[in-house]
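Okay, here's what each chain looks like letter by letter:
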Amino acid sequence: QKEVEQNSGPLSVPEGAIASLNCTYSDRVSQSFFWYRQYSGKSPELIMSIYSNGDKEDGRFTAQLNKASQYVSLLIRDSQPSDSATYLCAVNDQAGTALIFGKGTTLSVSS
Amino acid sequence: ETGVTQSPTHLIKTRGQQVTLRCSSQSGHNTVSWYQQALGQGPQFIFQYYREEENGRGNFPPRFSGLQFPNYSSELNVNALELDDSALYLCASSFEGALGANVLTFGAGSRLTVL
């Protein structure tokens, strides 16, 4: 059973701080990695996708991928209360058909 | 450009009943996937439809079935409902054939409660 592991949290950071969210995955052949944000009672919303080792930046968000360590992370700079949500890490399955999601990390940003 | 729309948004059924959930894909997308999200869990893949055929299936029993129509809309049918089927059912569309084939756009979901 291929797995994606995340700390469930809650991760609490003050407004303006950097939030660091981590994810490990078990399938070495995974090629596509995604971070989704899900507000309470809403559906997941894509924040970042990353396909190759290294960093990818988009505004206040940076995704980091290390395939050798089977590790992907999301950094949120200058965290805002509106960033308070559950962040889901997802990786593609071997067939490239499905995404395998972690349980999500709940982030709480206090003002 | 319209997003992914799902109906109904909420519904309550009793154990043993059947339910049909509907989804309209985002404009330009040709692939539809369905996911089940139980409370406090990440979404779990049910199946995917491409060119009106099932293109992959997760670890769900046969009483979960689906359809994709020529306009790329889709239905999820669940027979013989069980209490554990209570969850948020998410439809996601994507475009098969590009690098971003796994880039899913989710609908708002259908929240099913089974009593």
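Refer to the structure printed above.
This structure is a prediction, so every number in the text was calculated from the model and none was measured.

## Comments concerning the state of the cysteines
Residue and element names in this part refer to chain A.
- According to the stated counting rule, one finds two disulfides over all chains in the structure shown.
- In this model, Cys23 is linked to Cys89 through a disulfide, with the two sulfur atoms separated by 2.1 Å. Taking the torsion about the S-S bond as the criterion, the Cys23 to Cys89 disulfide, at about -70°, is left-handed. Here Cys23, found in strand S3 (residues 19–25), pairs with Cys89, found in strand S9 (residues 85–92); they are 66 residues apart in sequence, far enough to count as distant. One exposure class covers both Cys23 and Cys89, and it is buried.

## Description of the sheet that holds strand S8 (residues 74–78) of chain B
Residue and element names in this part refer to chain B.
- Pairing within the open sheet is antiparallel, and its four strands lie in the order S1-S3-S8-S7. Bordering the open sheet on either side are strand S1 (5–7) and strand S7 (64–68), each of which pairs with just one other strand. On average, each strand axis in the sheet is tilted by 15° relative to the strand beside it, whichever way the strands run.
- Here S1 runs beside strand S3 (residues 19–24); their pairing, made up of three bridges, is antiparallel. Looking across to S3, one finds that Ser7 is bridged to Arg22.

## Observations concerning the interface of chain B and chain A
- The interface of chain B with chain A comprises 20 residues on the first partner and 18 residues on the second.
- Summing both partners gives a buried area of about 1500 Å² for chain B against chain A, and 56% of it is carried by carbon and sulfur.
- The tally of links between chain B and chain A comes to zero salt bridges.
- Taken together, the connections running from chain B to chain A amount to five residue pairs in polar contact (both at pLDDT 80 or more).

## Section: the pairing of strand S4 (residues 31–37) of chain B
Residue and element names in this part refer to chain B.
- Taken across its seven residues, S4 has seven buried, putting it largely inside the fold.
- Burial along S4 is two-sided: Thr31, Ser33, Tyr35 and Gln37 and Val32, Trp34 and Gln36, pointing in opposite directions, are all buried.
- Across six bridges, S4 lies against strand S5 (residues 44–50) in antiparallel orientation. What sits directly across from Ser33, in S5, is Gln48.
- Connecting S4 to the antiparallel partner S5 that follows it, the hairpin turn spans six residues, and Gly40 within it adopts a positive phi of roughly 80°.

## Comments concerning the pattern of salt bridges
Residues and elements named next belong to chain B.
- A full pass over the atoms with the stated rule returns seven salt bridges over all chains.
- With a shortest N-O distance of 3.1 Å, Glu54 and Arg57 are connected by a salt bridge.
- On the basis of relative accessible area, Arg57 is assigned to the partly exposed category, the value being 31%.
- Taking the shortest distance from any N to any O, the salt bridge between Arg63 and Glu82 comes out at 3.3 Å. With a gap of 19 residues between them, Arg63 in the loop between strand S6 (53–57) and S7 and Glu82 in the loop between S8 and strand S9 (87–94) connect regions that are remote in the sequence.
- Classification of Arg63 by relative accessible area gives buried; the value is 16%.
- Accessibility expressed as a relative area gives 40% for Glu82, which makes it partly exposed.

Thresholds, definitions, all that
Residues numbered from 1 in each chain as written. Chains lettered and ligands numbered in written order. Predicted model: local features only at pLDDT ≥ 70, side-chain atom pairs only at ≥ 80, totals over all residues. Heavy atoms only, no water. Disulfide = S-S within 2.5 Å. Helix = DSSP H or I, 4+ residues; strand = E, 2+ residues; numbered from the N terminus. Buried < 20%, exposed > 50% of the residue type's maximum accessible area, 1.4 Å probe, protein only. Pairing = 2+ DSSP bridges. Axes fitted to C-alpha atoms, helices over the stretch in contact; angles between N-to-C directions. Contact = heavy atoms within 4.5 Å. Buried area = accessible area lost by both parts, 1.4 Å probe. Salt bridge = Lys/Arg side-chain N within 4 Å of Asp/Glu carboxyl O. Polar contact = N/O pair within 3.5 Å; in protein donor to acceptor, adjacent residues only side chain to side chain.

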